[in-house]
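In case you want the letters, here they are:
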Amino acid sequence: MSDQTPATQEDSRLIILILAPVASIIFAILSLFGGDAWRWLALMASAFAGFLALIVGVVTLIMQMTRRQLNMRNTLIFSSLYFLAWVIFLGSCVSGIESAVD
């Protein structure tokens, strides 16, 4: 058994859920600074972190649904951050493409 209270477990799950989208956002923003090689390397890292966020989010969601412990706060926060990560990633990709064309 765990010594954590249910609220602490939910906060721990939230931290695990938001690590990958936050990493994706950070790499996408960092891709705006630096040369072409750095830009594409940071965008690839951002894409990989976004993919990991999707996998972790889906697995966590399925596990919580099967245990009937779905926390709507965590789901809303994760989905909002994941959507924000996508928007920032796509904006960084557009910026990278525009700078490559110039």
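Described in the following lines is the structure provided in the data block. These numbers were taken from a predicted model, which means no experiment stands behind them. (Residues numbered from 1 in each chain as written. Predicted model: local features only at pLDDT ≥ 70, side-chain atom pairs only at ≥ 80, totals over all residues. Heavy atoms only, no water.)

**Here's the deal with the overall build of the protein**
Item 1. Per the secondary structure count, the protein includes three helices and zero strands.
Item 2. Put simply, the protein runs from its N terminus to its C terminus through helices and strands in the order α-α-α.
Item 3. Evaluated residue by residue, the protein yields a buried proportion of 28% over its 102 residues.
Item 4. Summarising the internal contacts of the protein: among those between residues at least 6 apart in sequence, 75% fall at separations of at least 24. (Helix = DSSP H or I, 4+ residues; strand = E, 2+ residues; numbered from the N terminus. Buried < 20%, exposed > 50% of the residue type's maximum accessible area, 1.4 Å probe, protein only. Contact = heavy atoms within 4.5 Å.)

**Points about the pattern of salt bridges**
Item 1. Considering all chains together, one arrives at three salt bridges under this definition.
Item 2. Residues Glu-10 and Arg-13 are paired through a salt bridge, measuring 2.6 Å at the closest nitrogen-oxygen approach. With Glu-10 and Arg-13 both in helix H1 (residues 6–30) and three residues apart, this pair spans about one turn of that helix.
Item 3. The class of Glu-10 is buried, set by a relative accessible area of 15%. (Salt bridge = Lys/Arg side-chain N within 4 Å of Asp/Glu carboxyl O.)

**Observations concerning the nonpolar core**
Item 1. Core analysis: the biggest nonpolar cluster contains five residues, these being Leu-17, Ala-20, Ala-53, Phe-78 and Tyr-82.
Item 2. Of all the secondary structure elements, the ones that give two or more residues to this core are H1 and helix H3 (72–101).
Item 3. Non-local contacts of Leu-17, meaning those with residues more than four positions away in its chain, are made with Val-56, Gly-57, Thr-60, Asn-74 and Phe-78. (Core = buried A, V, L, I, M, F, W, Y, C linked by side-chain atoms within 4.5 Å.)

**Considering the packing of aromatic side chains**
Item 1. Taken as a whole and assessed by the stated rule, the structure comprises three aromatic pairs.
Item 2. Centroid distance Tyr-82 to Trp-86: 6.5 Å. Interplanar angle 80°. Geometry classified as edge-to-face. A residue pair is termed a helical-turn pair when its members lie 3 or 4 positions apart in one helix, as Tyr-82 and Trp-86 do in helix H3 at four residues.
Item 3. Ring centres of Trp-86 and Phe-89 lie 6.2 Å apart, and the angle between their planes is 85°; on these two criteria the pair is classed as edge-to-face. Here Trp-86 pairs with Phe-89, and both are found in helix H3, just three residues apart, close to one helical turn.
Item 4. Residue Trp-86 is classed as partly exposed on the basis of its relative accessible area, which comes to 42%.
Item 5. With a relative accessible area of 16%, Phe-89 lands in the buried category.
Item 6. Grouping aromatic residues by their ring pairs yields a cluster made of Phe-78, Tyr-82, Trp-86 and Phe-89. (Phe/Tyr/Trp six-rings, centres within 6.5 Å; stacked < 30°, edge-to-face > 60°.)

Shape descriptors only; they carry no functional weight alone.
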